[in-house]
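# Residue-level structure breakdown
Each chain is listed here by its residues.
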Amino acid sequence: MEQLKPERGWERAVWTGSRSLKKGGPVLAQHPDPAPPPARAQLNSQSGGTRLSFNMEMFFTTLAVLLLAVSVSSQEMPYEHMLSQLQACPKECRCPPNFPNAVYCDNRSLKRIPEIPPFTWYLYLQNNLIEVLSTDALRNATQLKWINLNRNKISNEGVEEDALKAMTSLVHLYMDDNLLTSVPSPLPPKLEQLRLSRNKISKIPAGVFSGMNRLTLLDLQGNKLQDDAVTEVSLKGLSNLVQINLAKNQLNNMPPGLPPTTAQLYLDGNNIEKIPDEYFKGLPKIAFLRLNRNKLANGGFQRNVFNISSMLDLQLSYNQITEVPFIPSSLEHLHLDHNNIKSVNGSEVCPVSSAMLDDYFEERGPRLRYLRLDGNEIKPPISRELMVCFRLLRAVVI
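As the structure is a computational prediction, the values presented were derived from the model and not from experiment.

Criteria and thresholds
Residues numbered from 1 in each chain as written. Predicted model: local features only at pLDDT ≥ 70, side-chain atom pairs only at ≥ 80, totals over all residues. Heavy atoms only, no water. Helix = DSSP H or I, 4+ residues; strand = E, 2+ residues; numbered from the N terminus. Buried < 20%, exposed > 50% of the residue type's maximum accessible area, 1.4 Å probe, protein only. Contact = heavy atoms within 4.5 Å. Areas by Shrake-Rupley, 256 points an atom, 1.4 Å probe, with all protein chains shown as cover. Disulfide = S-S within 2.5 Å. Salt bridge = Lys/Arg side-chain N within 4 Å of Asp/Glu carboxyl O. Phe/Tyr/Trp six-rings, centres within 6.5 Å; stacked < 30°, edge-to-face > 60°. Lys NZ or Arg CZ within 6 Å of the ring centre and 35° of its normal. Core = buried A, V, L, I, M, F, W, Y, C linked by side-chain atoms within 4.5 Å. Polar contact = N/O pair within 3.5 Å; in protein donor to acceptor, adjacent residues only side chain to side chain.

On to the overall build of the chain. Along the backbone of the chain there are 5 helices and 14 strands. For the chain, buried positions account for 49% of its 398 residues. In the chain, the proportion of contacts linking residues at least 24 apart, taken out of those at least 6 apart, comes to 53%. For the chain, the exposed surface amounts to about 20,100 Å²; the carbon and sulfur share of it is 50%.

Turning our eyes to something else, we now look at the state of the cysteines. All told, the structure shown has 3 disulfides when counted by the stated rule. Listing the disulfide partners of the chain by sequence rank of the bonded cysteines yields 1-3, 2-4, 5-6.

The next point concerns the pattern of salt bridges. All chains considered together, the criterion is met by 9 salt bridges. For the salt bridge of Arg-139 with Asp-136, the shortest nitrogen-to-oxygen distance reads 2.9 Å. Judged by its relative accessible area of 43%, Arg-139 falls in the partly exposed class. Here Asp-177 makes a salt bridge to Arg-198, at a shortest N to O gap of 3.0 Å. Residue Asp-177 is located in the loop between β5 (172-174) and β6 (193-195), and its partner Arg-198 is located in the loop between β6 and β7 (217-219); the two are separated by 21 residues in the primary sequence.

The final tally for this structure, using the stated rule, is 7 aromatic pairs. Between Tyr-104 and Tyr-124, the ring centres sit 4.8 Å apart and the planes meet at 5°, which makes this aromatic pair stacked. Taken together, the residues Tyr-104 in strand β2 (residues 102-104) and Tyr-124 in strand β3 (residues 122-124) connect sequence positions 20 residues apart. Here the two residues Tyr-104 and Tyr-124 agree in accessibility, since each one is buried. Each residue in the set Phe-99, Tyr-122, Trp-146 and Tyr-174 is aromatic and connected to the rest through ring pairs, giving one cluster. In this structure, Lys-145 packs its charged tip against the face of Trp-121, placed 5.0 Å from the ring centre. Positioned above the aromatic ring of Tyr-318 is the side chain of Arg-293, whose terminal nitrogen or guanidinium carbon lies 3.8 Å from the ring centre.

This part takes up unusual backbone geometry. The omega torsion across Ser-185 and Pro-186 is -5°, close enough to zero to call that bond cis. The residue Pro-186 is located in the loop between β5 and β6 in this model. Following Pro-380, the chain continues to Pro-381 via a peptide bond in cis, the omega torsion being 5°. The residue Pro-381 is located in the loop between β13 (370-372) and α5 (384-389) in this model. The backbone of Arg-198 shows a phi angle near 55°, a positive value even though the residue is not glycine. Residue Tyr-318 is not a glycine yet carries a positive backbone phi of 55°.

For His-333, the location among the structural elements is in strand β12 (residues 333-335). Here His-333 falls in the buried class, since its relative accessible area comes to 5%. Sequence separation between His-333 and Met-311 is 22 residues, and the spatial gap between their C-alpha atoms is 9.4 Å.

Positionally, Ser-185 belongs in the loop between β5 and β6. Sequence separation between Ser-185 and Val-159 is 26 residues, and the spatial gap between their C-alpha atoms is 8.9 Å.

We now examine the nonpolar core. Ranked by size, the top nonpolar core spans 92 residues in total, and within it Val-183, Leu-194, Phe-209, Ile-275 and Phe-280 carry the most contacts. Each residue touching Leu-194, except ones within four places of it in the same chain, is listed here: Leu-173, Val-183, Leu-187, Phe-209, Leu-215, Leu-217, Leu-218 and Asp-219. Grouped together as the second largest cluster of nonpolar side chains are 8 residues, Ala-102, Trp-121, Tyr-122 and Trp-146 included.

Turning our attention to the environment of Leu-133. With respect to the helices and strands, the residue Leu-133 is situated in the loop between β3 and β4 (146-148). Contact partners of Leu-133, with chain neighbours within four places excluded, come to Ile-113, Leu-138, Leu-149, Gly-158, Val-159, Glu-160, Ala-163, Leu-164 and Met-167.

A few words on the side chain of Asn-270. Residue placement: Asn-270 occurs in the loop between β9 (264-266) and β10 (288-290). A distance of 3.1 Å separates the side chain of Asn-270 from the backbone oxygen of Leu-246, its partner in a polar contact. Engagement of the side chain of Asn-270 in a polar contact is seen with the backbone nitrogen of Asn-249, the distance being 3.3 Å. Apart from the residues lying within four places of it in its own chain, the contact partners of Asn-270 are Leu-246, Ala-247, Lys-248, Asn-249, Gln-250, Leu-251, Arg-293 and Asn-294.

Here you go:
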């Protein structure tokens, strides 16, 4: 793999890896650190006015920070609730006094969920041997906002009736790496993120997402979903979905019925051969599209199928493509590595005619910054027309 630098006069930044860049678009919340380290003070009993003055200053500064922390905590949870929460902390778990809303029961080889205190917001149960999602253990935890059940042994039979629905305040549900064969139902009504990757899911029950108009992220990668499971009926209700991850399943076709709010669609590692001509007409906000490691060839889609004004990042690596598809002006990152492309005609792939480039460059000119073409049959040098068209290019990998 060789990185080529442009001719003199073209500004470039050094590209040091082959990982894709992501820029713009909606940013979805990632796993936060709910327990920031408490302030600490070190008071040294050394003589000397300057040292004493410094230590006293440190003492009062630290005291102010601690008082502020207590003030903030007291606003979130009354003192009597905080005391009750700490006293009710399960012996199998850890409840940090500086973050009494969180209960840590992870990495304990637990086979069951202990009884959770009533004022818990964040519950960490990952990396255990839990088989049953118990309604009884969670009956008091009515304020749960976040529960992490990743890497356990929970099956659909182990999800007790209404155990999830009872979590009326739950916003994030993590159940990656379990033994689920179907999307569990009924789901918490206020859920915003649902992560079910690397289970054995082959079914999405009709109506399971009914009323789930707050769900913005759905992660189903690494399951056993086929085309008959991912339908317009099974996805109905996801009216505000932003990101859906269906990578590493068994899909032969593009998933139908995605809501128009979808901005990020991940379909890597499936068996997709065709893209319908009008497929993206119903996805006006699509910005990130990943179709790496499928079976796409130029005969399976029209050259201008990706001509979408919202598109920022398009990944088509490890397919059977022989020609560069149309590149929309908005696109910033394009991955076409490891295909069967033999040449790149800069004039043909440019979304703006050469006569209009100077007039439109400042406002509507092509935005492409990163182009990956390695693993094809392309030989240097880079086409001059390509550089003339895409003037913002910082790296081309061949």
